Structures are given as structure tokens and as C-alpha cells.
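# Coordinate analysis (summary)
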Amino acid sequence: MSGTRMGRLVRGTVAAGAVLVGSVAFFGCSKVETAKIDGGVVTIPVAKVTEQAKFYKYVDNGKEISYFVAKAPDGSYKAAFNACDSCFREKKGYEQQGSVMNCINCNQKFAIDRLGPNATGGCNPGYLPIEVKGDAIAISESTLKEGAKYF
């Protein structure tokens, strides 16, 4: 391959890579929401919670605490910090693959309907207690602040 053709190929690859990175960064930013806070309680309307996990952020003194909420296949609602005891230092979090949450760092998978107080430690998503009150899911701000250790 001539030097000129190789130069065009490298420039084209770099340009394509720059576009891809830009798209990924934009996509990652667009999927995080901020939930409503009132009287020390974060509320998320139950109607917004589906089997597709929704990612939220809570900001405490400039520190962004990330978490997700999903409706499990059994109809219950689950929430967890977007971090785990083992891989949180990598700051990669989870992605959803069907009815499981996948640790982006180590590729461990966790069934959404099994998330909760009995699924802790290791790469399990950090447990985040919630309460369903009428037509909303309630999470205390103090509980969210406890998750700051992951971020």
C-alpha cells in the first residue's frame, strides 16, 4: 500500500473513531435523569418504571450518585446503586441485558427480580431500599447519600 493511501486510511480511521466516541458519550449522557426531591424524599412515578431500567442521578455537595430503578418480571420494583462493592473503583456501573443487569467491568450478570437486601456483596449492584407509596416509588435522601462511598 502506498504511503498516500495508508495516510488516507489512517486519517479515515481516526475520523471514524472520533465520531464513534462522540456518539457514545452523547448517548451515555442522554439516558440519565434526575428525580424529583421533596421533603428529603426522592420520588419516581410508578408509571415511569418499566422492565427497562431507568438510570438516575442524585447530586450531594457536588458528588454525583448514580442509581437505577426497574420493574422486575415478577411485578415488583427494584432499585440499586449503579455500582458494586467489588468493581466500584472502575466507575463503569451496569447495563441491562434483557432481565439481567450486567457489570460492565467484570461481565457478571444479576437477575433484576433477585436484586434486594439478600443479594449484596461481590459484584451485586449496591442495594438501594425503596418504598412504594401510592403511585410513586420513594427513596430517602439519606439512603442515597449513603451510596456516596461508591462514587
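It is worth spelling out the confidence of the model for the protein at this point. A residue-level look at the protein finds 80% of positions with pLDDT of 70 or above and a mean pLDDT of 82. Across the protein, element-level confidence peaks in strand S12 (residues 136–140) with a mean pLDDT of 97 and bottoms out in helix H1 (residues 3–30) with 37. In this model, residues 4–30 is a region of pLDDT below 50 whose contacts with residues beyond four sequence positions or in other chains number two contacts.

Right, let's get into the sheet that holds strand S6 (residues 77–84). Across the sheet, which stays open at both edges, the five strands sit in the order S1-S4-S5-S6-S10 with mixed pairing between neighbours. Edge positions in the sheet fall to strand S1 (32–34) and strand S10 (125–127), since each of these pairs with one other strand and no more. Neighbour to neighbour, the strand axes of the sheet diverge by 45° on average, direction disregarded. Relative to strand S4 (residues 54–60), S1 runs parallel, the two sharing three bridges. Counterpart to Glu 33 in the pairing with S4 is Tyr 56.

The next thing to look at is the pairing of S12. Most of S12 is tucked away: four of the five residues are buried. Connecting the antiparallel pair strand S11 (residues 131–133) and S12 is a turn made up of two residues, with Gly 134 showing a positive phi of about 65°.

With that out of the way, let us pick up the sheet that holds strand S7 (residues 94–97). Pairing in this open sheet of three strands is antiparallel, and the strands run S7-S8-S9 from one edge to the other. Looking at the sheet topology across the chains shown, the edges are occupied by S7 and strand S9 (109–111). The sheet shows a mean angle of 30° between the axes of neighbouring strands, direction not considered. Pairing analysis gives three bridges linking strand S8 (residues 100–103) to S9, with the strands arranged antiparallel. In the sheet register, Met 101 faces S9, and the bridge partner there is Phe 110.

Our next topic: the packing of aromatic side chains. For the coordinates displayed, the defined rule picks out seven aromatic pairs. Judged by centre distance (5.7 Å) and plane angle (20°), the ring pair of Tyr 56 and Tyr 67 falls under stacked. Placement of the pair is Tyr 56 in strand S4 and Tyr 67 in strand S5 (residues 63–71), with a sequence separation of eleven residues. Look at Tyr 94 and Phe 110: their rings are 6.4 Å apart centre to centre, the planes differ by 75°, and that puts the pair in the edge-to-face class. In this pair, Tyr 94 sits in strand S7 while Phe 110 sits in strand S9, placing the two residues 16 residues apart along the sequence. Take Tyr 94 and Phe 110: they sit in the same class, and that class is buried.

A few words on the nonpolar core. Counting residues in hydrophobic clusters, the biggest one holds 20 residues, and the most contacted among them are Ile 44, Tyr 67, Val 69, Ile 139 and Leu 144. Breaking this core down by element, the ones donating at least two residues are strand S3 (41–45), S4, S5, S6 and S12. Setting aside residues up to four positions removed in sequence, Ile 44 forms contacts with Ala 35, Val 49, Tyr 56, Tyr 67, Val 69, Asp 135, Ala 136, Ile 137 and Ile 139.

Criteria and thresholds
Residues numbered from 1 in each chain as written. Predicted model: local features only at pLDDT ≥ 70, side-chain atom pairs only at ≥ 80, totals over all residues. Heavy atoms only, no water. pLDDT = per-residue confidence, 0-100. Helix = DSSP H or I, 4+ residues; strand = E, 2+ residues; numbered from the N terminus. Contact = heavy atoms within 4.5 Å. Pairing = 2+ DSSP bridges. Axes fitted to C-alpha atoms, helices over the stretch in contact; angles between N-to-C directions. Buried < 20%, exposed > 50% of the residue type's maximum accessible area, 1.4 Å probe, protein only. Phe/Tyr/Trp six-rings, centres within 6.5 Å; stacked < 30°, edge-to-face > 60°. Core = buried A, V, L, I, M, F, W, Y, C linked by side-chain atoms within 4.5 Å.

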